[in-house]
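Close look at the chain arrangement
What follows is the residue order along each chain.
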Amino acid sequence: MKDACKVFDDMGERNLVCWNSLLAGYVRRGDMGGAWKLFDEMREMNVVSWTIMVAGYALNGMCRQALSVFDEMRRLRVELDQVALVAALSACSELGNLKLGRWIHSYAVEKICARNQQLSVTLNNAIIHMYASCGSIDEAYEVFRKMPWRSTASWTTVIIGFAKQGLADEALGIFHMMLSIGEPEAQPDELTYVGVLSACSHARYVDEGRLVFKSMSTSQGIEPRIEHYGCMVDVLSRAGYFEEACRLIETMPMKPNEARLAVELDPDRAAGYYLLLLETYRTAERWIDVNDTRQKMIDIGAKKPAPGRSWVEVNGVIHDFVAGDRSHKHTLSIHEMLRKVIVQAESGGDRPDASDEALCAAA
């Protein structure tokens, strides 16, 4: 980057392409501070300049800043192209900003389609992902249904969307439709199988899960990764097949000695392997194995991944939550409402699981 900056500084004349190229360089390095400083110095900007900033913030997890820049684009009436809309939609998906996401969808239909242009597959996929991430799976499916062409990402996004909503039959229906159509550019990939196995887990479809897991390698030539083993272990554990779940983990291709190397190359994957093992042994009440697994995690320095994070939009304001965090100004009210929900669920015959009880105990 130093060399690029030196060449840029030594240039007698700098056109907009040069400015945008250097701006993109900062973004690729994840240096959004440097990118913003350069962006602020630019006397002339086009939609590419703005899109680089929106996409850069979104890709680096700074979604609020991404939408702030996008709002400024709208205020200045910068003409929004499909690439800019995709960048903004990715931020909407992360923040659960359904209101802005719907506006972008409406804008795309009214402005782009009005010029007799087709919405790109990438833009349609981004719209589907936004609706699915915000919990509006019916709207996501409607966009998917109307797409003239679909990619693997299109099918996968809808499958995962249905799975996350607990609609296993719908997710599996889409998956089987994908296989039956057999479009060369829309074959299931590793992420597709994560979504399908998650759907089987939610519905406790053990036999279906076993078939899907086996067909990955036999039919599609996709070797299961730690994520797929995790889903399959969840399928078996939820249905009470604890010993089979333990055997599956113990026969995974990734052995403990390989996990040591994975800590150096991919710490999250190594931690995921041991957390799978730990949780399954705990559920099966194999306490000696639980202690041995904990010690192995300590020995190789495997750490639990970052806590879960979620957002919810209320009256136009997006609230940010992190697992175990009690800094929200309405924490007491939130936990009190949670207690009421659990009491109401119990009165209807439902019992809270361990995670609900732990959350109440922390309140």
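Further up the page is the structure itself.
Below: a short report on this structure.

Per the counting criterion, the structure on display carries nine aromatic pairs. Residues Phe39 and Trp50 carry aromatic rings whose centres are separated by 5.1 Å and whose planes lie at 80° to one another, so their mutual orientation is edge-to-face. In this pair, Phe39 sits in helix H3 (residues 32-41) while Trp50 sits in helix H4 (residues 47-59), placing the two residues 11 residues apart along the sequence. Across this residue pair, the class does not change: Phe39 and Trp50 are buried. On the basis of an interplanar angle of 50° and a centroid distance of 6.0 Å, the ring pair of Tyr141 and Phe162 is categorised as tilted. Of the two residues, Tyr141 is situated in helix H9 (residues 137-146) and Phe162 in helix H10 (residues 152-164); the sequence distance between them amounts to 21 residues. The structure contains a cluster of three or more aromatic residues connected by ring pairs, namely Tyr141, Phe144, Trp155 and Phe162. The ring of Phe144 has Arg150 lying over it, and the distance from NZ or CZ to the ring centre is 4.4 Å.

Let us now look at unusual backbone geometry. One non-glycine residue with positive phi stands out, namely Arg77, at about 60°. Positive phi values are uncommon outside glycine, yet Arg204 reaches one of about 60°. Along the chain, Arg204 falls in the loop between helix H12 (190-203) and helix H13 (206-219).

Here the focus is the packing of helix H6 (residues 82-95) against helix H7 (residues 98-112). At their nearest, the axes of H6 and H7 sit 9 Å apart, and the two run at 165° to each other. On the basis of their axis angle, the class for H6 and H7 is roughly antiparallel. Of the two elements, H6 crosses H7, and the hand of that crossing is left-handed. Here Gln82, Leu85, Ala88, Leu89 and Cys92 of H6 lie close against H7, whose contacting residues are Leu100, Gly101, Ile104, Tyr107, Ala108 and Ile112.

With that settled, consider the nonpolar core. One finds Phe70 and Leu85 to be the most contacted residues of the largest nonpolar core, which totals 87 residues. At eight residues, H6 tops the list of elements feeding residues into this core. Leaving out residues up to four positions away in the same chain, Leu85 has contacts with Phe70, Leu80, Ile104, Tyr107, Ala108, Ile112 and Leu123.

Conventions we followed
Residues numbered from 1 in each chain as written. Predicted model: local features only at pLDDT ≥ 70, side-chain atom pairs only at ≥ 80, totals over all residues. Heavy atoms only, no water. Phe/Tyr/Trp six-rings, centres within 6.5 Å; stacked < 30°, edge-to-face > 60°. Helix = DSSP H or I, 4+ residues; strand = E, 2+ residues; numbered from the N terminus. Buried < 20%, exposed > 50% of the residue type's maximum accessible area, 1.4 Å probe, protein only. Lys NZ or Arg CZ within 6 Å of the ring centre and 35° of its normal. Axes fitted to C-alpha atoms, helices over the stretch in contact; angles between N-to-C directions. Parallel < 35°, antiparallel > 145°, perpendicular 65-115°, else oblique. Left-handed = near helix turned anticlockwise from the far one by under 90°. Contact = heavy atoms within 4.5 Å. Core = buried A, V, L, I, M, F, W, Y, C linked by side-chain atoms within 4.5 Å.

These values are about where atoms sit, not about what they do.
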